[in-house]
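# Summary of the model geometry
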Number of protein chains: 2
Amino acid sequence: MLIEIDFNSDEALYLQLRNQIILGIATNTFHEGDVLPSVRTLADEIGINMHTVNKAYSVLRSEGYVKVDRRRGAVISVSEAKEEHLRQIRNILSSTVLEAVCRNVSKEELHKMIDDIYKEYGF
Amino acid sequence: MLIEIDFNSDEALYLQLRNQIILGIATNTFHEGDVLPSVRTLADEIGINMHTVNKAYSVLRSEGYVKVDRRRGAVISVSEAKEEHLRQIRNILSSTVLEAVCRNVSKEELHKMIDDIYKEYGF
DNA sequence: CCTCTGTTATAGAAATGTTATAACAGAGGT
DNA sequence: ACCTCTGTTATAACATTTCTATAACAGAGG
């Protein structure tokens, strides 16, 4: 998978990397059980430090997207704690809804946006 | 309005403040034209530095939630550049949708969540 | 044994967040 | 005129976070 990092972005490198990997999982570029490149390999490919990649992997592990095996490396393994995921996503959505309400964006418009995004990615 | 700041949160103080004010606007605690407390007053009330409040106000201004008048202070004035707001909200939603897809959260579940959040706030 | 994993421990540089003083210009009230 | 209230600007200092750089360690496999 092509990982694209924008060094001019104000988003932290390890978060960009996290997001790219989540994108990869969502779009089926990475499948359950796939092994991500080692921290050193990926760091070299992207041209960043090993520890930055390690931080991204640690975040992904703590969020339940990968399991890290000392011998095999980081393996895609999406947690199935759905209740917790729902809570987490609800939290993010809450902020978005508040901003939408301020901007006179209706519930229906948000629904449509979500549908559009699903279509856009072909889900 | 009661502004609640959590000093143990890992979220920056100025962002917590920004979010609380957006919450206030969304829930109609703050209305169009209302004047927010001066940076010094609010800083004293909360117990933080004037510049931190100023940063929150600056962010809110750049995002189109308030207009800052040198004589009157920060006045609630929600921008009406709806196209831009839609783009912005769509961006935030995109990340959320990707995470949802990874977690096997369906489009319908997201719709329901949004409806629930709207209900929760009484919109 | 050698090499590959992630992990840990330091250390330093750079950027960001927060606080602290101080001063300025503009507007309103007295 | 004077005082006081706005936001704004300019410094400075400090803590935290982010990113890099080296180095070493333990576990597993060839």
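Residues numbered from 1 in each chain as written. Chains lettered and ligands numbered in written order. Predicted model: local features only at pLDDT ≥ 70, side-chain atom pairs only at ≥ 80, totals over all residues. Heavy atoms only, no water.

## Observations concerning the domain arrangement of chain A
Under the domain assignment, chain A is made up of domain 1 (13-76) and domain 2 (82-120). The C-alpha centroid of domain 2 of chain A is placed 26 Å from the C-alpha centroid of domain 1 of chain A. (Domains from an automatic or database assignment.)

## Description of the pairing of strand β1 (residues 66-69) of chain B
All names here are of chain B. Pairing geometry for β1 and strand β2 (residues 73-76), over four bridges, is antiparallel. Paired with V66 across the bridge in β2 is I76. The hairpin formed by β1 and β2 contains three residues between the paired strands. (Pairing = 2+ DSSP bridges. Helix = DSSP H or I, 4+ residues; strand = E, 2+ residues; numbered from the N terminus.)

## What about the interface of chain A and chain B?
Opposite the 41 residues of chain A that make contact, chain B presents 41 residues. Summing both sides of the interface, chain A and chain B together bury roughly 4400 Å²; the carbon and sulfur share of this comes to 69%. At the junction of chain A and chain B, the tally comes to six salt bridges. Between B:K82 and A:E109 there is a salt bridge, with the nearest N and O atoms lying 3.2 Å from each other. If you look at where chain A meets chain B, you find 17 residue pairs in polar contact (both at pLDDT 80 or more). (Contact = heavy atoms within 4.5 Å. Buried area = accessible area lost by both parts, 1.4 Å probe. Salt bridge = Lys/Arg side-chain N within 4 Å of Asp/Glu carboxyl O. Polar contact = N/O pair within 3.5 Å; in protein donor to acceptor, adjacent residues only side chain to side chain.)

## Describing the packing of helix α2 (residues 39-46) of chain B against helix α3 (residues 50-62) of chain B
All names here are of chain B. Look at α2 against α3: their axes get within 8 Å of each other, and the N-to-C directions meet at 120°. Where α2 crosses over α3, the two elements pack in a sense that is right-handed. Packed against α2, whose contacting residues are V39, R40, L42 and A43, the element α3 presents M50, V53, N54 and Y57 at the interface. (Axes fitted to C-alpha atoms, helices over the stretch in contact; angles between N-to-C directions. Left-handed = near helix turned anticlockwise from the far one by under 90°.)

## Remarks on the pattern of salt bridges
Following the criterion strictly, the structure yields twelve salt bridges over all chains and no others. One salt bridge connects A:R90 with B:D116, and the closest N-O pair in it is separated by 3.8 Å. Of this pair, A:R90 sits in helix α4 (residues 82-102) while B:D116 sits in helix α5 (residues 107-121), each in a different chain. Residue B:D116 is classed as partly exposed on the basis of its relative accessible area of 22%. Across the pair B:K112 and B:D116 runs a salt bridge, and its minimum N-O distance is 3.0 Å. A residue pair is termed a helical-turn pair when its members lie 3 or 4 positions apart in one helix, as B:K112 and B:D116 do in helix α5 at four residues. Looking at B:K112, the relative accessible area reads 51%, which means it is exposed. Through salt bridges with shared partners, a single network forms among A:R18, A:E63 and B:E99. (Buried < 20%, exposed > 50% of the residue type's maximum accessible area, 1.4 Å probe, protein only.)

## Regarding the protein's contact with DNA strand D
In the neighbourhood of DNA strand D, 22 residues make up the surrounding shell, with A:L13, A:H51, A:T52, B:H51 and B:R70 lying closest. Backbone atoms, meaning sugar and phosphate, make up 63% of the atoms of DNA strand D lying within 4 Å of the protein. Within the side chain of A:T52, a nitrogen or oxygen atom sits 2.8 Å from a phosphate oxygen of DNA strand D. Within the side chain of B:S38, a nitrogen or oxygen atom sits 3.0 Å from a phosphate oxygen of DNA strand D. Mapped by element, the contributors of at least two residues to the surface near DNA strand D are α1 (13-26) and α3 (50-62) of chain A together with α2 and α3 of chain B. Residue contributions to the surface near DNA strand D peak at four residues, all from α3(A). Residue classes in the surface near DNA strand D are distributed as seven nonpolar, eight polar and seven charged. (Near = heavy atom within 4 Å. Nonpolar A, V, L, I, M, F, W, Y, C, P; charged D, E, K, R; others polar.)

## A word on the relation of the copies chain A and chain B
Related by rotation about an axis and a shift along that axis, the two copies of the chain form a pair. At an RMSD of 0.1 Å, chain A and chain B line up after a rotation of 180° and a shift of 0.0 Å along the axis. The transformation relating the two chain copies, once decomposed into turn and shift, fits a two-fold axis. Minimal C-alpha separation from the rotation axis in chain A is found for A:H111, amounting to 3.0 Å. By residue overlap, the copies meet face to face through one surface: 100% of the interface positions of chain A are interface positions in chain B. (Least-squares fit on C-alpha atoms with pLDDT ≥ 70 in both.)

## Here we look at the side chain of A:Q16
All names here are of chain A. Secondary-structure assignment places Q16 in helix α1. A relative accessible area of 7% means that Q16 is categorised as buried. The residues contacting Q16, other than those within four sequence positions of it, are E4, I5, D6, S9 and E11.

## Some points on the protein's contact with DNA strand C
The immediate surroundings of DNA strand C are formed by 22 residues, with A:R61, A:R70, B:L13, B:H51 and B:K55 found nearest. When atoms of DNA strand C within 4 Å of the protein are split into backbone and base, the sugar-phosphate part holds 62%. Measuring from a phosphate oxygen of DNA strand C, one finds a side-chain N or O atom of B:Y14 at 3.0 Å. Between DNA strand C and B:K55 there is a distance of 2.7 Å, counted from a phosphate oxygen to a side-chain nitrogen or oxygen. Looking at the surface near DNA strand C, the elements that each hand over two or more residues are α2 (39-46) and α3 of chain A together with α1 (13-26) and α3 of chain B. In terms of residues, the surface near DNA strand C owes the most to one element, α3(B), which gives four residues. Residue composition of the surface near DNA strand C, grouped by class: seven nonpolar, eight polar and seven charged.

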